[in-house]
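A look at the structure
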Amino acid sequence: MVSKSSYEDPSSAPDTDAEIRRQKAIDEWLPITGSRNAKWWYSAFHNVTAMVGAGVLSLPYAMAHLGWGPGVVVLVLSWIITLYTLWQMVEMHEMVPGKRFDRYHELGQHAFGEKLGLYIVVPQQLIVEVGVNIVYMVTGGKSLKKFHDTVCPDHCKEIKLTYFIMIFASVHFVLSHLPNLNSISGVSLAAAVMSLSYSTIAWGASVDKGVQPDVDYGYRASTTTGKVFGFFNALGDVAFAYAGHNVVLEIQATIPSTPEKPSKGPMWKGVVVAYIVVALCYFPVALVGFYIFGNQVEDNILISLEKPAWLIAMANMFVVIHVIGSYQIYAMPVFDMIETVMVKKLRLPPSFLLRFVVRTVYVAFTMFVGITFPFFGGLLGFFGGFAFAPTTYFLPCVMWLAIYKPKRFSLSWIANYICIILGVLLMILSPIGGLRTIIIQAKTYEFYS
């Protein structure tokens, strides 16, 4: 059985054997559906790599804007809500017998209709995935620069951030030519291990440093305006930290499935393991980091930790390796979308050359934008609310309500509406804070410095 192209009208179903064979060949060539032999642990480390981004290092900074009470509530609530919405997506992957929704937008089309589904999901998913890739270009470059400056503080020549971003991008000019999601599982495993490692270093080194003598747990900003906008921006930072949903159906698509053994079993097992790892990374870093440094913590906690130099250098290198894996996980669905349009809409033959050109141009584009606008914290808050909140916090709930239609005021109905209300608030409030941060940082910024 062949899954119909999500970009074509169902009424024009392929009627000839040749067309069916062509569709099958295309599906086997595309990066998401190309290989379906993943094990449950692939799902675990792909999800860890997708979720535990470099955003974890900005959580103590977010806490400084949220304060103890609201900060803990926001962190815990986000963990519970996103685990719930992730479970919904895993369940919905194969709710139609004999069909799999291999991509987020295919599920959107099933819930909202052929055209509307594409218009609702694709722009948001692209903003998230391309946004993450750009932010990771900046993160990779900054961590390389920090590594260089830590290892060689005195007699080395100062190198511009631009060059470090280019060095980081050069890795992706090679890695992005791996054909499909399963082929990057080695990179993803290394990245998942690194995320646990640098998170542990971040809070471990903080504990070792001890509570700072003049620590202050009040709000970081002194003015009321600053406090309010800082709070909004911090919400975006937290939303960004839970952004794995954008690739969850694509990860599940790589797991084999039969009517007796559907893919949701192994996928969910992997997700639970991933979420335990996420909790082990997020909560200690956020709470210990804020406890030690108070509201003077930097937007990347590794910057607050100057010593021991070798450990901080190592943590920054771990961040680089992790971000390499994360970039690839988020880039794969984008490659899949572009290549699908190329071969199905424009009817170009699937070839190595097509793939080479598409992926090289994409990596060059994310590198160029990252070099041009490296305002890390503000970008996180802005993208976090604008696109992460819908795709992570409430789009799965809207789809669930549209497809399953639970009874009014039943537990499922209430839970979904609570998630939708909180998600919409997040979507409205956090970009406001993020935009203000970008404007403030842009005043003093020089291009290509």
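The following refers to the structure shown. Keep in mind it's a predicted model, so treat the numbers as computed, not measured.

1. Observations concerning the overall build of the protein chain
Of the regular secondary structure elements, the protein chain holds 16 helices and zero strands. Its C-alpha atoms give the protein chain a radius of gyration of 22 Å, within 12% of the compact-globule value 22 Å for 449 residues. Overall, the C-alpha framework of the protein chain stretches about 75 × 55 × 40 Å when taken along its three principal axes. Burial status across the protein chain gives 56% buried among its 449 residues. Pairs at least 24 residues apart make up 85% of the contacts formed inside the protein chain by residues separated by at least 6 positions. Put simply, the protein chain shows about 18500 Å² of open surface, and 71% of that area lies on carbon and sulfur atoms.

2. Concerning the packing of aromatic side chains
The relative placement of two aromatic rings is captured by the distance of their centres and the angle of their planes. Inspection of every chain in the model, using the stated rule, returns 15 aromatic pairs. For the ring pair Y217 and Y291, a centre distance of 6.3 Å and an interplane angle of 10 degrees mean the geometry is stacked. Of this pair, Y217 sits in the loop between α8 (185–209) and α9 (224–241) while Y291 sits in helix α11 (residues 264–293); the two residues are 74 residues apart in sequence, bridging distant segments of the chain. Overall, Y217 belongs to the partly exposed group, its relative accessible area being 27%. By relative accessible area, Y291 is classed as partly exposed at 43%.

3. Regarding unusual backbone geometry
The residue K405 is not glycine, and still its phi comes out positive at about 45 degrees. The backbone of F409 sits at a positive phi, close to 65 degrees, despite the residue not being glycine. Counting through the fold element by element, F409 comes out in the loop between α15 (376–404) and α16 (411–443).

4. Considerations on the environment of G218
The residue G218 is located in the loop between α8 and α9 in this model. Relative accessible area serves as the criterion here: at 28%, G218 is assigned to the partly exposed category. When the C-alpha atoms of G218 and G265 are compared, they prove to be 45 Å apart, with 47 residues separating the residues in sequence. Other than its neighbours up to four places away in sequence, G218 contacts A64 and N295.

5. Some words on a nonpolar patch on the surface
On the surface, a cluster of nonpolar side chains totalling about 810 Å² of accessible area is made up of V73, L77, F409, I414, Y417, I418, I421, L422 and L425. Those elements that provide at least two residues to the nonpolar patch are α4 (68–92) and α16. One can find L422 in helix α16. You can call L422 partly exposed: its relative accessible area is 34%.

6. Description of the state of the cysteines
Throughout the structure, instances matching the rule amount to one disulfide. With its sulfur 1.7 Å from that of its partner, C152 forms a disulfide with C156. Across the S-S bond of C152 and C156 the torsion is about 90 degrees, and the bridge reads as right-handed. Residue classification places C156 among the partly exposed positions, given a relative accessible area of 34%. C419 supplies the cysteine sulfur nearest to C397, a cysteine that is in no disulfide, at a spacing of 4.2 Å.

7. As for the packing of α4 against α16
Between two packed helices, the angle of one axis relative to the other and the distance separating the axes together describe the packing. Two elements in contact, α4 and α16, have axes separated by 11 Å at closest approach and are oriented at 120 degrees. Overall, the two elements α4 and α16 adopt an arrangement that is oblique. Between α4 and α16 lies a crossing whose hand is left-handed. Across the interface between the two elements, I81, Y84 and Q88 of α4 pack against S412, A415, N416, C419 and L422 of α16. Residues belonging to the contact of α4 with α16 are distributed by class as follows: five nonpolar, three polar and no charged.

8. A short note on helix α5 (residues 104–112)
Of all nine residues in α5, eight are buried; the element is thus mostly enclosed. Buried residues of α5: Y104, H105, E106, L107, G108, Q109, A111 and F112, and no others. G113 occupies a position one or two residues after α5 and carries a positive phi of about 105 degrees.

9. Examining the packing of α9 against α16
Orientation of α9 relative to α16, taken along the N-to-C sense of each, is 115 degrees, at an axis distance of 7 Å. Here α16 runs roughly perpendicular to α9, going by the angle between their axes. The way α9 lies across α16 gives a crossing that is left-handed. Together, G226, F229, F232, N233, L235, G236 and A239 of α9 and L426, L429, S430, I432, G433, G434, R436 and T437 of α16 make up the contact between the two elements. Counted by class, the contact of α9 with α16 contains seven nonpolar, seven polar and one charged residues.

10. Some details on the environment of K227
Mapped onto the secondary structure, K227 falls in helix α9. Separated by 162 residues in sequence, K227 and H65 place their C-alpha atoms 6.9 Å apart. For K227, the residues in contact, after removing those within four places along its chain, are Y219, A221 and S222.

11. Section: the side chain of T139
Inspection of the secondary structure puts T139 in helix α6 (residues 114–151). You can call T139 buried: its relative accessible area is 5%. Here V135 takes part through its backbone oxygen, which lies 2.8 Å from a polar atom of the side chain of T139.

12. Digging into the nonpolar core
Counting 120 residues, the largest nonpolar core has Y242, Y282 and M399 as its most contacted members. Dropping the residues within four chain positions of it, Y242 is found in contact with M51, L75, S78, W79, T82, Y275, V278, Y282, F283, T392 and Y393. By size, the runner-up hydrophobic cluster in this structure holds six residues, among which are I26, W29, L30 and V343.

The rules behind each value
Residues numbered from 1 in each chain as written. Predicted model: local features only at pLDDT ≥ 70, side-chain atom pairs only at ≥ 80, totals over all residues. Heavy atoms only, no water. Helix = DSSP H or I, 4+ residues; strand = E, 2+ residues; numbered from the N terminus. Rg over C-alpha atoms; globule rule 2.2 N^0.38 Å. Buried < 20%, exposed > 50% of the residue type's maximum accessible area, 1.4 Å probe, protein only. Contact = heavy atoms within 4.5 Å. Areas by Shrake-Rupley, 256 points an atom, 1.4 Å probe, with all protein chains shown as cover. Phe/Tyr/Trp six-rings, centres within 6.5 Å; stacked < 30°, edge-to-face > 60°. Patch = residues over 30% accessible without salt bridge, like charges linked within 9 Å, V, L, I, M, F, W, Y side chains within 5 Å. Salt bridge = Lys/Arg side-chain N within 4 Å of Asp/Glu carboxyl O. Disulfide = S-S within 2.5 Å. Axes fitted to C-alpha atoms, helices over the stretch in contact; angles between N-to-C directions. Parallel < 35°, antiparallel > 145°, perpendicular 65-115°, else oblique. Left-handed = near helix turned anticlockwise from the far one by under 90°. Nonpolar A, V, L, I, M, F, W, Y, C, P; charged D, E, K, R; others polar. Polar contact = N/O pair within 3.5 Å; in protein donor to acceptor, adjacent residues only side chain to side chain. Core = buried A, V, L, I, M, F, W, Y, C linked by side-chain atoms within 4.5 Å.

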